[in-house]
Amino acid sequence: MQFKRLLDTLARSSAQAVTTLGQGQKEEDELKEYLYVETDIETDFKRLLDSSPPPETVIFLCGSSGDGKSEILKRYHKRYSDEFHFHLDATHAFKPDQNAIQALNQLFEEQKSSEKPLVVGINVGMLFNFSSQGDVEHEEIRRAIEAYLQHGEEVSPSFKFLNFEKYPKFSLEDGETGSAFISELIERAVAASDANPLYRAYIESIETSQDKLTTNYQLLQIEEVRERIVKLLLSARLRFDQFLSARALLDFVHHLITGPGLLFDNLFVSGHNELSDVVSHFDPCSIRSRRIDQFLIQHPLGVKEQAFEEFQQSVANDLNVRGLGAASWLRFFYLLQEVEVGNNFHQTFGSDFEQPLYDRYIEIWRLHAAYDGRGKTLLREFYKDELFAALMRFGNRLEPSLIKRGHMFLCSRNKVSISAHAKLRPDFKQIEKESVANIHEFPVCIKVGDQRLRTFHVNVSFLELISKINDGYRPNKHDKNTIVILEEIIADVTGVIVNSDRLLFSTAQGQLVLTNEVEDEEFLVGGEE
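Residues numbered from 1 in each chain as written. Predicted model: local features only at pLDDT ≥ 70, side-chain atom pairs only at ≥ 80, totals over all residues. Heavy atoms only, no water.

The four strands are arranged 2-3-1-4 in an open sheet whose pairing can be described as parallel. The sheet is open, and its two borders are formed by strand 2 (85–87) and strand 4 (159–163), each paired with just one other strand. Mean inter-strand twist for the sheet, computed between neighbouring axes without regard to direction, equals 20°. Of the strand pairs in this sheet, strand 2 and strand 3 (residues 118–123) are connected by three bridges, and their pairing is parallel. Pairing of His85 across the sheet is with Leu118, part of strand 3. Strands in contact with helix 3 (residues 40–50) are strand 1 (58–63), strand 2, strand 3 and strand 4; relative to strand 4, the strand with the most contacts, it is inclined by about 160°. The sheet contacts of helix 5 (residues 100–111) involve strand 1, strand 2 and strand 3, and relative to strand 3 the element is tilted by about 160°. (Pairing = 2+ DSSP bridges. Helix = DSSP H or I, 4+ residues; strand = E, 2+ residues; numbered from the N terminus. Axes fitted to C-alpha atoms, helices over the stretch in contact; angles between N-to-C directions. Contact = heavy atoms within 4.5 Å.)

Written as C-alpha cells, this is what we have:
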C-alpha cells in the first residue's frame, strides 16, 4: 500500500530517517524534500558560508542526535562542496580500526594544509570528548571547544560554532506562543496539495477504502487539532524539558497516524513513541472533575444524554469515528474542543480541560523576559502574592504564627523559637539584567532589605509547587526535585536575616525582642516587634 509505505518513511526506525550523501528511492526523496522546513539556524549557517571565511576556518554545526544536522549539511554540500570541505558526521571514522576521536585528529591535521574551510557536523557530546581526548597538537581547537562549551564564547575567529540548542523550537514571546517550526512541519505532512506526496497517496487510498490510517490523516488535517497537539508538546517541553528534534517529531507524526488506535488515543498512549510517552502525562482521563468522572462512570453503564446520542451520530457521519469507549470519547472531546461538530456536545467539557498553571507560567515568563523598567506592578504582585507568600508559609511551617509578623523562622532551642523580620522585595534591577533564553525557566531575583540574593532559575514545576503551598499543601518526598530550590532560597534569606539587629524569641507563654544597639554597644531586651 503506497500510503502506508510513504508514512513508514517518517518513522525513526526507517532506513530513510538519517540523511546521507547516497540516493534513496525517488518517492521517499521527494517526500523528504517536500517536508523540509528551513530553520533560523540554517539561515545563519548559510550566511556564514556566504561570508567566504578564510581556509583555516573550522565551522562546527553541533547539537543532538536527530535535530537535523545531516539534512542541512547534505543540502549545502551540494552547493558549496567546491568551496568547503564537509565532514557530515563526527561519529564516523575513515578506517575500520579507527575511532571517532582518531578520525577527528586526522581531519584537523589534514585541514592545516587544506585550501578550503572545514565544516563539521558533530554532537555536543563528541565535542566534549574531543576537548578532553584530542591530540595535544590540536590544543588550539581543544581550547576553543572547551571555551565554547563552558561559556558559549568563540575565543578565536578561526573556530565558529552553530548550536541547535541555541535555537529553541518554541517561542513564548507576545503573540507567538507556540512553535512555527513544529506547526509548519505537521501542516506540510497533511496539506491538501498535489505537491504533497503523502496527500496524493492518501487520496488514492480513500478512493478504494476508508480505514484507520485515512481517518487519522483526516483528523490531523484539522487545523484546531494540530494547534492542540502543538500546545501539548509545549506543555511537555515546559514540564519535562523534553528535547524535540526534527527526527523525533516526524516519528511522532508517524505514530499519530499509524499507531495502534485512532489519533486521539495514539496521542496519549505510552510505550510506542518517546514524545507520546511524555504527552501521556497530560491524558485528559487523568483530570478529576465532577463532569468528567460522571461521564467516565455513566458511559460504560449505557447511561447517555440525548445530546450525546445526537453528537455521536454527527461524529460518525462527518469524521468516520464511532464505537468508542468512555476514555476514547473523552480524549476526542479534548483534542477537538475548538472544532465545531454537530451539536457541539464535546465543548461542554471545555472548562474541565483548562490548564491555568501553564497559562500563568507563560505570563510570568514573559514578564521577566520583556522587563525593561515597565510592568513593575504585575511583577510585584507575583513576587508578593505568590512567591513571597509561599516562602513565608514554607519557611515558617514549624511556627505559622510568624507569618503575620513578617518574620522568618531561624531555629529552635529548648522550645524557644528564634526568628527575625524578613523584608523581601523583588530585585528589579537584576531582573532587567538577566537574560531569559530558555523557555523552560525564568529567573527569580530577590532582595532582603538592601541585600541582593543570588539569582535562582525556576521552572513550571516550581510555580506549581508555590501555588499548591499557598493553597495549604504540605510538600513531601515526591516533591524533592523541586523543593530543593525552595529550600535554597529560604536558606539564602535566613543567611541574611540571621545577622539582623533585632531577633524575636517565642515560647508558648509569649514573645521577647532582643535588640543589638550597635552604636551604644549594648543589647536591649523588650519592646514590640
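Pairs of aromatic rings are described using the distance from one ring centre to the other and the angle between the two planes. Applying the stated rule across the entire model yields 38 aromatic pairs. When the centroid spacing of 5.1 Å and the interplanar angle of 70° are considered together, the rings of Phe108 and Phe130 count as edge-to-face. Of this pair, Phe108 sits in helix 5 while Phe130 sits in helix 6 (residues 124–133); the two residues are 22 residues apart in sequence, bridging distant segments of the chain. Phe130 sits in the buried class, given a relative accessible area of 1%. Across the ring face of Tyr76, the terminal group of Arg79 is positioned such that the distance to the ring centre comes to 4.6 Å. (Phe/Tyr/Trp six-rings, centres within 6.5 Å; stacked < 30°, edge-to-face > 60°. Buried < 20%, exposed > 50% of the residue type's maximum accessible area, 1.4 Å probe, protein only. Lys NZ or Arg CZ within 6 Å of the ring centre and 35° of its normal.)

So, on to the pattern of salt bridges. As enumerated under the stated definition, the model contains 23 salt bridges in all. Of the charged contacts in the structure, one is a salt bridge between Glu30 and Arg200, with a shortest N-O distance of 3.1 Å. Here Glu30 is found in helix 2 (residues 26–35), whereas its partner Arg200 is found in helix 9 (residues 197–206), with 170 residues between them in sequence. One salt bridge in this structure joins Arg452 and Asp427, with 2.4 Å as the shortest N-O distance. On the criterion of sequence distance, the pair formed by Arg452 in strand 10 (residues 451–452) and Asp427 in the loop between strand 7 (424–426) and helix 21 (428–433) is long-range, its members being 25 residues apart. (Salt bridge = Lys/Arg side-chain N within 4 Å of Asp/Glu carboxyl O.)

A contiguous nonpolar patch, built from Ile297, Leu301 and Val303 and spanning about 320 Å² of accessible area, is present on the exposed surface. Relative to the elements of secondary structure, Val303 occurs in the loop between helix 15 (290–298) and helix 16 (306–319). (Patch = residues over 30% accessible without salt bridge, like charges linked within 9 Å, V, L, I, M, F, W, Y side chains within 5 Å. Areas by Shrake-Rupley, 256 points an atom, 1.4 Å probe, with all protein chains shown as cover.)

To continue, consider the packing of helix 19 (residues 376–395) against helix 23 (residues 480–497). Running from N to C, helix 19 and helix 23 cross one another at 85°; their axes reach a closest spacing of 10 Å. Between helix 19 and helix 23, the crossing angle belongs to the class labelled roughly perpendicular. For the pair helix 19 and helix 23, the contacting residues are Leu391, Phe394 and Gly395 in the first and Ile483, Leu486, Glu487, Ile489 and Ile490 in the second. Tallied by class, the residues present in the contact of helix 19 with helix 23 amount to six nonpolar, one polar and one charged. (Parallel < 35°, antiparallel > 145°, perpendicular 65-115°, else oblique. Nonpolar A, V, L, I, M, F, W, Y, C, P; charged D, E, K, R; others polar.)

Moving on: the sheet that holds strand 10. Pairing is antiparallel in the open sheet, where three strands are placed in the order 7-9-10. The open sheet has two edge strands, strand 7 and strand 10, and neither has a second partner. In terms of strand pairing, strand 9 (residues 446–448) meets strand 10 through two bridges, oriented antiparallel. Of the residues in strand 10, the one forming a bridge with Val448 is Gln451. The sheet contacts of helix 19 involve strand 7 and strand 9, and relative to strand 7 the element is tilted by about 140°. Running over the sheet, helix 23 touches strand 7, strand 9 and strand 10 and is turned about 25° from strand 9.

Here we take up the environment of Thr214. One can find Thr214 in helix 10 (residues 212–220). Looking at Thr214, the relative accessible area reads 0%, which means it is buried. A sequence separation of 211 residues divides Thr214 from Phe3, and the C-alpha atoms of the two residues are 8.9 Å apart. Setting aside residues up to four positions removed in sequence, Thr214 forms contacts with Phe3, Tyr202, Ser205, Ile206 and Ser209.

Turning our eyes to something else, we now look at the packing of helix 22 (residues 460–470) against helix 23. For the pair helix 22 and helix 23, the least separation of the axes is 9 Å and the interaxial angle reads 70°. When the axes of helix 22 and helix 23 are compared, the pair comes out roughly perpendicular. Residues Ser461, Phe462, Leu465, Ile466 and Ile469 of helix 22 lie in contact with helix 23, whose contacting residues are Thr482, Ile483, Ile485, Leu486 and Ile489. Classifying every residue of the contact of helix 22 with helix 23 gives eight nonpolar, two polar and no charged.

Moving on: a positive patch on the surface. A grouping of Lys376, Arg380, Lys429 and Lys433 is seen on the molecular surface, where their side chains present a positively charged patch. At the level of secondary structure, the elements contributing two or more residues to the positive patch comprise helix 19 and helix 21. Position of Lys429 among the secondary structure elements: in helix 21. According to the relative accessible area criterion, Lys429 is exposed, its value standing at 64%. (Lys, Arg positive; Asp, Glu negative; His and termini not counted. Charge placed at Lys NZ, Arg CZ, Asp CG, Glu CD.)

This part is about the confidence of the model for the protein chain. The predicted model of the protein chain averages 90 in pLDDT, with 94% of residues at 70 or higher. Across residues 17–21 the pLDDT falls below 50, and counting only partners more than four positions away or on other chains, this stretch makes 13 contacts in the model. (pLDDT = per-residue confidence, 0-100.)

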